[in-house]
Amino acid sequence: MNLHLSTPTLRFLHFSRLTGSFFSLQEPKLNGCLNANRDALRVPEEPDRRTPRPKMESSILESIGVEIIGVMSPVSICMFLVVLLVYALSPANPFSTPSSPPIRTAANLVYLENPSDSTAQKLEGALLNALVFVVIIAVVTFVLVALYYFKFTNFLKNYTRFSAFFVLATMGGSIFLSIIQHFSIPVDAITCFLLLFNFTVVGVLSVFSGGIPIILRQFYMVSLGIIVAAWFTKLPEWTTWIVLVALAVYDLVAVLAPGGPLKLLVELASSRDEELPALVYEARPVAPPQNGGSHRTNMGLLAAGFSQPGSVEMQSVSGNSGWRNDVDGSRDTLGNDEGGSSRDGREEISPLVSNARQRRSSSSDSPEYSAVNVSTPNRVGHFGDRDSQIEETSPLVEAVHAGNQREQAAMEDDDADDNLGLNRGIRLGLGDFIFYSVLVGRAAMYDLMTVYACYLAIVSGLGCTLILLSVCRRALPALPISIALGVMFYFLTRLLMEPFVVGISTNLLMF
Amino acid sequence: MTVVAGIGYVLIALGPSLSLFVSVISKKPFLILTVLSSTLLWLISLIVMSGLWRAFLPLSSSSWWPYSLLIITSVGFQEGLRLFFWRIYRKLEDILDAFADRMSKPRLFLTDKMQIALAGGLGHGVAHAVFFCLSLLTPAFGPATFYIERCSKMPFFLVSALIALSFVTIHTFSMVIAFNGYSEGNKVDQVFVPVVHLVAGLVTLVNFAHEGCLVGIPLLYLMALLILLHCSKMAWRRLTENRGRLESSQ
């Protein structure tokens, strides 16, 4: 039995908001070329309007909440696809593991659940399983922290590459095979192998190298999450629920408690001003619809030349300390930070510090996707990164750099192809994707009503966490709130709501 | 009756809301968040109601008056929740307006407010459709279909999808009317919405009678039509008023 490393990591979330100063910059353009667009939002008027309206700016409704949706949509897609997979493959499951005992994974080490066991036995076995699983994850996280501390970054990087390859090839391959089997798709072995090979190689390339479009990276992150989550749903029921709860508690402790491994990892990474070694999903900030598009200046070209897309992110960890003092105390509850700034013409970039968290799932046959240290100091892009970071951390030299910064930040939002590498977006660790999907997949094995209830619970938990993040501005665990709400809603729905609703709707009674 | 029929039933119940979502709501992320939160609120109300009624379930399916009590209490609770939703929305509106002022952007327009109300109503409607109709549709994706004796002309899935469609319409647009009524202080609108909701709920009791769904479903669609007409009239009136006011202020 092969145990692989499993390490939860922290989650990095940044927000970047361009605010009124940016829009005031854009106003002359708005009046000119965007009247047509803006009119669509307005109350319908007669076509022969003689005087334009006094304010031609768009409503704020268009731009609020973009980042939250940028994170919620991949989570939703991941959950939806896992549910589809569970439904599609579920009749095939009893046949795919023919008469042999269920897969023994790291989550199953101590106790293999058997439907004929008594409740107390199942509960006890599940608790033991969960304990062992959490201990394994904790140990591996500490090993990862040690490795990172001693700067074995190349090892980490290559190991991550290897595990991503392994996950995509074997686990992904087995899922593809069972889909082909289930739907009787006529495809021959050689084509299948070739397709799988291509898929895997592009996946490994896209996850860690630069030069790959962000959308491909996001796609592979989501598919990694789907594959691992689909495998996790094969765990027996009681074990799944208790492992989820145990992991949520562990996450809370590891990120927030003083000796927690994830907290150590974050502090190490921030003290070195490096990226966390992690597999994270990042949602690049969407350029607002009214960007001029031609706003690139020399600064932009310079930065574009310097930066490598995809791997160099704004390290806002230490840079935030300079900003935090500027940020206004009042903020809206939507998680979009505006941060009133007294300086005119300066963007209120509200970086929210959090840390990338990666969760490694461990199962005996599945490799771990390991953390990788993405930023290597000898990259040119890093220079550009640090450059802009310095600009942000020194309010004293703000007067000098304000001009640059405005353009630069304007560039960030203007950048449609994200090649600038100076963009910041929210990042969510891959482990969060996986465990949310595991919860929903397990709910799918019961009923569609529980799926919907758990989905809503998880999404609202995620929203709460994001809001909390904008208030607390430090690394926050994404699992506890969502998993707690999800588990609660699952059991409430299953026990309370279902007899109620099914009872009345089968009588064609609705309200 | 196979995947095709299953998808067909899903689209009957949720088709218009899907097109509403894609055309209006998906463009503005805030509206998507509104839909999600109103769905969550509806789910919570359903859980609370089922918690309250759990001790009395399962009700016997022969007598209809316990069900009427159930419907009256549930509708009452949901209307109370609508008021609560309105209060939250007021606070949110203030926060958004303050945010807009800080950004030196215009405050929320009337169309924005109506879109938020629409999104809220859509959330309620979608939640209704999913919990009352879609959750029962899983067998419809299989090889057979199902009829119940009380309504033997159409498959059960089709009946429940049609009822769900009318309720989605009622929920979606009654939220717009209700928010408008609360903001204008229009008592007629404020009372209109709960009354229509209650009547629609009680109309479904007709389905208890033998072949009652032949009467019940058209009545439900009548109520949905009523809501649609009232909402469009109200929206037209407010928008033209607003337009007149804006032009006179220029």
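In this text, all values refer to a predicted model and were calculated from it rather than measured experimentally.

1. Let's talk about the overall build of chain A
Piece 1. Looking only at helices and strands, chain A features 17 helices and two strands.
Piece 2. A buried classification covers 59% of the 511 residues belonging to chain A.
Piece 3. Carbon and sulfur atoms form 66% of the exposed surface of chain A, whose accessible area is close to 19,600 Å².

2. A closer look at the environment of Thr145 of chain B
Residues and elements named next belong to chain B.
Piece 1. Structurally, the position occupied by Thr145 is in the loop between α4 (110-132) and α5 (156-184).
Piece 2. When its relative accessible area of 30% is taken as the criterion, Thr145 is described as partly exposed.
Piece 3. Put simply, Thr145 and Leu198 are 53 residues apart on the chain and 31 Å apart in space, counted from C-alpha to C-alpha.

3. What about the UniProt feature "transmembrane region" (unreviewed entry) in chain B?
Residue and element names in this part refer to chain B.
Piece 1. Feature annotation in UniProt assigns "transmembrane region" (unreviewed entry) to the following positions: residues 6-25, 30-52, 64-85, 116-137, 157-179, 191-209 and 215-236.
Piece 2. For residues 64-85, helix accounts for 95% and strand for 0%, while the C-alpha atoms at its two ends are 31 Å apart.
Piece 3. With 68% helix and 0% strand, residues 191-209 has end C-alpha atoms that lie 29 Å from one another.

4. Looking at α4 of chain B
Counting along an α-helix, one turn takes 3.6 residues, and residues three or four places apart therefore face a common direction.
Piece 1. With 23 residues, α4 of chain B extends 33 Å from end C-alpha to end C-alpha; this agrees with the ideal 33 Å at 1.5 Å per step.
Piece 2. A large share of α4 of chain B lies buried, amounting to 21 of its 23 residues.

5. Describing the interface of chain A and chain B
Interface size is commonly expressed as the accessible area that is lost once the parts come together.
Piece 1. Taken residue by residue, the interface counts 63 residues in chain A and 72 residues in chain B.
Piece 2. Of the roughly 6,000 Å² buried between chain A and chain B on both sides combined, carbon and sulfur atoms contribute 75%.
Piece 3. Of all residues in chain A, Leu61, Met510 and Phe511 of chain A give up the largest surface area on contact with chain B, accounting jointly for 16% of the area buried on that side.
Piece 4. Applying the counting rule to chain A against chain B returns zero salt bridges.
Piece 5. Secondary structure elements with two or more residues in the side of chain A that touches chain B: α1 (20-33), α3 (66-89), α16 (448-472) and α17 (479-505) of chain A.
Piece 6. Counting residues per element, the side of chain A that touches chain B draws most heavily on α17 of chain A, which supplies twelve residues.
Piece 7. Each residue belonging to the side of chain A that touches chain B can be placed in one class, and the counts come to 36 nonpolar, 16 polar and eleven charged.

6. Re the pattern of salt bridges
All names here are of chain B.
Piece 1. In total, this model carries eight salt bridges over all chains according to the counting rule given.
Piece 2. In this structure, Lys28 engages Asp112 in a salt bridge whose closest nitrogen and oxygen atoms are separated by 3.9 Å. Here Lys28 is found in the loop between α1 (2-25) and α2 (29-53), whereas its partner Asp112 is found in helix α4, with 84 residues between them in sequence. Asp112 matches Lys28 in its accessibility class, with the two residues each being buried.

7. Re the packing of helix α7 (residues 189-208) of chain A against helix α8 (residues 214-232) of chain A
Residues and elements named next belong to chain A.
Piece 1. Where α7 meets α8, the axes come as close as 9 Å, and the angle between the chain directions of the two elements is 115°. As judged from the angle between their axes, α7 and α8 are roughly perpendicular. Viewed along their axes, α7 and α8 form a crossing whose handedness is left-handed. Between α7 and α8, the residues in contact are Phe199, Val202, Gly203, Ser206 and Val207 and Leu216, Arg217, Phe219, Tyr220, Met221 and Ser223, respectively.

8. Here's the deal with the nonpolar core
Piece 1. Within the largest apolar cluster, 191 residues are counted, with the highest numbers of intra-cluster contacts made by Phe500 and Phe511 of chain A together with Leu46 of chain B.
Piece 2. Sorting elements by how many residues they give to this core places α5 of chain B first, with 15 residues.
Piece 3. Every residue in contact with Leu46 of chain B, bar those within four places of it in the chain, is listed here: Met497, Phe500, Val501 and Phe511 of chain A together with Gln78, Phe131 and Phe132 of chain B.

9. Things to note about the pairing of strand β1 (residues 280-283) of chain A
All names here are of chain A.
Piece 1. Of the two faces of β1, both are covered, the one formed by Val280 and Glu282 as well as the one formed by Tyr281 and Ala283.
Piece 2. Pairing of β1 with strand β2 (residues 426-429), which is carried by four bridges, proceeds in the antiparallel orientation. In the strand pairing of β2, Glu282 is matched with Arg427.

10. Digging into helix α6 (residues 153-183) of chain A
All names here are of chain A.
Piece 1. Between its terminal C-alpha atoms α6 stretches 43 Å, which fits the 45 Å expected from 31 residues at 1.5 Å a residue.
Piece 2. Roughly 30° is the biggest bend found in α6, and it falls at Gly172.
Piece 3. One or two residues past the end of α6 sits Ser184, with phi positive at roughly 50°.

11. Considering a nonpolar patch on the surface
Residue and element names in this part refer to chain A.
Piece 1. Side chains of Phe165, Phe193, Leu194, Phe197, Val201 and Leu205 sit close together on the surface and give an oily, nonpolar patch of about 550 Å² of accessible area.
Piece 2. With respect to the helices and strands, the residue Phe197 is situated in helix α7.
Piece 3. Since its relative accessible area comes to 41%, Phe197 is described here as partly exposed.

12. Comments concerning the UniProt feature "transmembrane region" (unreviewed entry) in chain A
Residue and element names in this part refer to chain A.
Piece 1. The residues that UniProt annotates with the feature "transmembrane region" (unreviewed entry) are residues 64-89, 126-150, 162-181, 187-208, 238-257, 450-471 and 478-497.
Piece 2. Secondary structure over residues 162-181 splits into 100% helix and 0% strand, and the C-alpha atoms at its two ends are 28 Å apart.
Piece 3. Between the C-alpha atoms that bound residues 187-208 there is a distance of 31 Å. The span itself is 91% helix and 0% strand.

13. What about the state of the cysteines?
Piece 1. Here the structure, examined in full by the defined rule, presents one disulfide over all chains.
Piece 2. In this model, Cys151 of chain B is linked to Cys213 of chain B through a disulfide, with the two sulfur atoms separated by 1.6 Å. Here the S-S torsion is close to 90°, and the disulfide linking Cys151 of chain B with Cys213 of chain B is therefore right-handed. Of this pair, Cys151 of chain B sits in the loop between α4 and α5 while Cys213 of chain B sits in helix α7 (residues 213-249), placing them 62 residues apart in sequence.
Piece 3. Exposure remark for Cys151 of chain B: the relative accessible area of 1% places this residue in the buried category.
Piece 4. Cys78 of chain A takes part in no disulfide bond, and the closest cysteine sulfur to it belongs to Cys454 of chain A, at a distance of 15 Å.

Basis of the calculations
- Residues numbered from 1 in each chain as written.
- Chains lettered and ligands numbered in written order.
- Predicted model: local features only at pLDDT ≥ 70, side-chain atom pairs only at ≥ 80, totals over all residues.
- Heavy atoms only, no water.
- Helix = DSSP H or I, 4+ residues; strand = E, 2+ residues; numbered from the N terminus.
- Buried < 20%, exposed > 50% of the residue type's maximum accessible area, 1.4 Å probe, protein only.
- Areas by Shrake-Rupley, 256 points an atom, 1.4 Å probe, with all protein chains shown as cover.
- UniProt positions renumbered as here; feature names shortened; annotations may be inferred.
- Expected span 1.5 Å × (residues − 1).
- Contact = heavy atoms within 4.5 Å.
- Buried area = accessible area lost by both parts, 1.4 Å probe.
- Salt bridge = Lys/Arg side-chain N within 4 Å of Asp/Glu carboxyl O.
- Nonpolar A, V, L, I, M, F, W, Y, C, P; charged D, E, K, R; others polar.
- Axes fitted to C-alpha atoms, helices over the stretch in contact; angles between N-to-C directions.
- Parallel < 35°, antiparallel > 145°, perpendicular 65-115°, else oblique.
- Left-handed = near helix turned anticlockwise from the far one by under 90°.
- Core = buried A, V, L, I, M, F, W, Y, C linked by side-chain atoms within 4.5 Å.
- Pairing = 2+ DSSP bridges.
- Bend = angle between axes of the 7 residues up to and from the residue.
- Patch = residues over 30% accessible without salt bridge, like charges linked within 9 Å, V, L, I, M, F, W, Y side chains within 5 Å.
- Disulfide = S-S within 2.5 Å.

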